[in-house]
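Understanding the architecture of this molecule
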Amino acid sequence: PIAWEHRMEMVRLALEEYDNIEVIPQNYLPFLQQGTGKTLNALRKDHPQAHFWHVMGSDSFERFNKQGHLNTAPPCYHVAVIQRAGYPKIQVNHPQ
């Protein structure tokens, strides 16, 4: 697996040209180690008016979707998938 710090750096690089977007700061690492749900709960508590995007590589999305996270996410939570070289293209049929 790719280290958390490396994943965060990839996301920072992918989003650096966009204003009003922040990558999860290091102090949320303990929540991330407990899972996406714990992290989202902490973020929502600290930033109740924000909308959140979970940016992930296509290699991670299949597991995320199989675990049911896509269908149970709250309305303030969105998912963006970046296609990774060497992985099959993703097709998602999601009602939202």
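Going along each chain's sequence as written, the residues are numbered from 1 onward. Restriction of local features to residues with pLDDT of at least 70 applies here, the model being predicted, together with a cutoff of 80 or more for giving and counting side-chain atom pairs; totals for whole chains, interfaces and linings are based on all residues. Only hydrogens and water are set aside when side-chain values are computed; all heavy atoms of the structure are taken into account.

**Quick word on the nonpolar core**
This is how the line gets drawn: Grouping buried Ala, Val, Leu, Ile, Met, Phe, Trp, Tyr and Cys residues that are joined through side-chain atoms within 4.5 Å yields what is termed a nonpolar core. Whether a residue is buried, partly exposed or exposed follows from its accessible area with a 1.4 Å probe, protein chains only, as a fraction of its type maximum: under 20%, in between, or over 50%, in that order. To qualify as a helix, a DSSP run of H or I must reach at least 4 residues; to qualify as a strand, a run of E must reach at least 2; elements of each kind are numbered from the N terminus.
Grouped together as the largest cluster of nonpolar side chains are 12 residues: Tyr 28, Leu 40, Ala 42, Leu 43, Phe 52, Met 56, Phe 61, Phe 64, Leu 70, Ala 73, Cys 76 and Tyr 77. Contributing elements (two or more residues each) for this core: α3 (36-46), β1 (52-57) and α4 (58-66). Of the residues forming this core, the biggest block, three residues, is contributed by α3. Membership of the second largest hydrophobic core comes to six residues, among which are Met 8, Val 11, Leu 15 and Leu 29.

**Describing the packing of aromatic side chains**
Ring pairs (aromatic) are described by centroid distance and by the angle formed between their planes. Test applied: A pair of Phe, Tyr and Trp rings is counted when the ring centres sit within 6.5 Å of each other, with Trp represented by its six-membered ring. The angle between the planes then sorts it: under 30 degrees is stacked, over 60 is edge-to-face, the rest tilted.
Applying the stated criterion across every chain yields a total of two aromatic pairs. Measuring from ring centre to ring centre gives 6.0 Å for Tyr 28 and Phe 31, while their planes differ by 45°; the resulting arrangement is tilted. Assessed through its relative accessible area of 4%, Tyr 28 is described here as buried.

**Examining the side chain of Thr 39**
Checked against the element boundaries, Thr 39 lands in helix α3. Judged by its relative accessible area of 3%, Thr 39 is buried.

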